[in-house]
Amino acid sequence: MKSGASAESTSAVALAPEYVRGIAPYVPGKPIEELAREYGLAEDSIIKLASNENPRGPSPKVRQAIAATAADITRYPDGNGFALKEALAARYRVRHEEIVLGNGSNDVLELATQALLRPGDHAVYAQHAFAVYPLATQARGAAGIVVPAKHFGHDLPAMASAITPRTRIVFVANPNNPTGTWIPSSEVKAFLTRVPREVVVVLDEAYDDYLERAQRSPSASWIAEHPNLIVSRTFSKAFGLAGLRVGFGMMDARLADLLNRVRQPFNVNSVAQAAALAGLADTEYVAESAALNRAGLSMLTRALEAMRVGFVPSHGNFLLIHVGAAAAIYEKLLRQGVIVRLVANYGLPEHLRVTVGLPEENARFLEALKSALGR
Ligand SMILES: Cc1ncc(COP(=O)(O)O)c(C=O)c1O
């Protein structure tokens, strides 16, 4: 009976773990189609600078690889991702067995919590750190220990001090989203030496490809010395492949084996594997994207300084700006067809996060912001 079925499903929900029912869902950036519908705007008049994607998309070589692979999707993908892992192993000088592929690097973060956290365990992360750390921690019934930020960034000495015998994971985002803050490698390395070996450090380097060459993280070379380190990387940002969902983690082979036990056998689809492989080979395109991003960041920051709008200096492909009544400004930007991101859920109700776009998109955002702020 219909009503019986509904009562049953209601009680199934009621019987689900309290820590799952208590999760505040992840709120993604507003889709263009939704804004067009809600405000009666033409879709092609809207710009979205809300989800930290590469505004250029993937390289032409990657698009070719996608088209070629999409023609043959009858069979399951290689569940072990052999070719992609070979290329990653060569690039980062790690072994095949030290790589775990993910459906986005988000998957790697999830796998770490699935493999390592029990209800009641602790995971340590920073205030204003990437939203997936609390979500993945809570989904396991574990407790998140939030360490106050220092100048919007991670306070690594305080995070090391927050580790207790119940701590199983520490998350470090470098650079961090949404603040754009970055910690020099020497400080991350010093932090690792303070973390007990039975506590896993998940070093999330989703935006590393955007850093200046001298600032790039050598963390893959630390794995041998730190068997409790997971370095996570993604193809979603500088490689322009957010929609295909592919990322990876590098870690000690025993830890990789553990994460692989909870991984879905075919978590990275064949098109994504081929695209990532082609993207990895096109180093020039990634370098150009990083250079375009740096130019965009400096265009935005110079204009914001002239407008006397505060911001946190960023090492990512986005900028955290201080606007005061952020929800009202966000709304005014939406009305002008510009989608940025609210960050009140990060404890930043007076800020907005804007993704660096193409030069014309950055200019359009600045114009819209000027008007929204009445300047
Ligand atoms: C810091 C950080 N880590 C990880 C991710 C996850 O990205 P993906 O799952 O697309 O690799 C993001 C995405 O925004 C991020 O900002």
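Provided above is the structure to which this section pertains.
As the structure is a prediction and not an experimental result, all values here were calculated from the model.

Definitions and cut-offs
Once a new chain begins, its residue numbering starts again from 1 and follows that chain's sequence as written. Residues qualify for local features only when their pLDDT is at least 70, as the model is predicted, and side-chain atom pairs are given and counted only at 80 or more; totals for whole chains, interfaces and linings, by contrast, use all residues. Working from all heavy atoms in the structure, the side-chain values ignore hydrogens and water. Only the contacting stretch of a helix is used when fitting its axis, a line to C-alpha atoms as for every element, and angles between N-to-C directions run 0 to 180 degrees. Here a strand is any run of E in DSSP of at least two residues, a helix any run of H or I of at least four, and the numbering for each starts at the N terminus. Oblique is the label for any angle not covered by the other classes, which are roughly parallel (under 35 degrees), roughly antiparallel (over 145) and roughly perpendicular (65 to 115). Crossing handedness: left-handed means the near helix sits turned counterclockwise from the far one by under a right angle, and right-handed means the same turn made clockwise. A contact between two residues is defined here by any heavy atoms of the two lying within 4.5 Å. For this classification, the nonpolar set comprises Ala, Val, Leu, Ile, Met, Phe, Trp, Tyr, Cys and Pro, the charged set comprises Asp, Glu, Lys and Arg, and every other residue, Gly included, is treated as polar. The criterion for a residue being near a molecule or strand is simple. One of its heavy atoms has to lie within 4 Å of it. Any pair of nitrogen or oxygen atoms within 3.5 Å is treated as a polar contact; in protein, a donor-acceptor pairing is required on top of that, and neighbouring residues in sequence qualify only through side-chain atoms on both sides. Residue exposure ignores everything except the shown protein chains as possible cover, and the areas themselves are Shrake-Rupley values with a 1.4 Å probe. Salt-bridge detection follows one rule: a side-chain nitrogen of Lys or Arg within 4 Å of a carboxyl oxygen of Asp or Glu. Only protein chains enter the calculation, and the probe is 1.4 Å; a residue is then buried if its accessible area is under 20% of its type maximum, exposed if over 50%, and partly exposed in between. For two strands to count as paired, DSSP must find a minimum of two bridges between them.

**Q** Could you clarify how one ought to interpret the packing of helix α5 (residues 82-92) against helix α11 (residues 270-281) in this entry?
**A** How two helices sit against one another is set out by the angle between their axes and by the gap between those axes. Contact geometry of α5 with α11 gives a least axis separation of 9 Å together with a crossing angle of 25°. The angle between α5 and α11 falls in the class roughly parallel. For the element pair α5 and α11, the recorded crossing hand is left-handed. Taking contact as the criterion, the partners of Ala 83, Leu 84, Ala 87, Leu 88 and Arg 91 in α5 are, on α11, Gln 273, Ala 276, Leu 277 and Leu 280. Classifying every residue of the contact of α5 with α11 gives seven nonpolar, one polar and one charged.

**Q** Help me understand the site of the ligand in this model?
**A** Inspection of the region around the ligand gives Gly 104, Ser 105, Asn 106, Phe 130, Asn 177, Asp 204, Ala 206, Tyr 207, Thr 234, Ser 236, Lys 237 and Arg 245 as its neighbouring residues. Note that an oxygen atom of the ligand is positioned 2.7 Å from one of the side-chain N or O atoms of Asn 177. Here Tyr 207 contributes a side-chain N or O atom positioned 2.7 Å from an oxygen atom of the ligand. Relative to its unbound accessible surface of 400 Å², the ligand loses 93% to contact with the protein. Broken down by class, the residue content of the shell around the ligand amounts to three nonpolar, six polar and three charged.

**Q** What is the right way to look at the pattern of salt bridges in this model?
**A** For side chains of opposite charge, pairing can occur when their charged atoms come near one another. Summed over all chains, the structure comprises 13 salt bridges. The closest approach of N and O atoms between Glu 110 and Arg 140, which form a salt bridge, is 2.6 Å. Of this pair, Glu 110 sits in helix α6 (residues 105-116) while Arg 140 sits in the loop between α7 (132-139) and β4 (143-147), and the two are 30 residues apart along the sequence. Here Glu 110 falls in the partly exposed class, since its relative accessible area comes to 23%. Accessibility expressed as a relative area gives 18% for Arg 140, which makes it buried. One salt-bridge network, held together by shared partners, links Lys 30, Glu 34 and Glu 38.

**Q** What is the right way to read the sheet that holds strand β5 (residues 167-173) from this model?
**A** One key point about sheets: their strands pair by backbone hydrogen bonds, in either a parallel or an antiparallel sense. Strand order in the open sheet formed by seven strands is β2-β8-β7-β6-β5-β3-β4, with mixed pairing between adjacent strands. Every other strand in the sheet has two partners, leaving β2 (99-102) and β4 as the edge strands with one partner each. Here the average twist between neighbouring strands, direction ignored, is 20°. Pairing of β5 with strand β6 (residues 200-204), which is carried by five bridges, proceeds in the parallel orientation. Following the sheet pairing, Ala 173 is matched in β6 by Asp 204. Sheet strands touched by helix α9 (residues 185-194): β5, β6 and β7 (229-234). Its angle to β6, the strand with the most contacts, is close to 165°.

**Q** Would you take a moment to explain the sheet that holds strand β10 (residues 318-322) for this structure?
**A** The antiparallel open sheet is built from four strands, whose spatial order is β9-β10-β13-β12. Edge strands, defined here as strands with exactly one partner in the open sheet, are β9 (310-312) and β12 (341-342). Alignment of β12 against strand β13 (residues 351-355), held across two bridges, turns out to be antiparallel. When the bridges of β13 are listed, Leu 342 appears paired with Leu 352. Sitting on the sheet, helix α12 (residues 283-306) is in contact with β9 and β10, with an inclination near 10° to β10.

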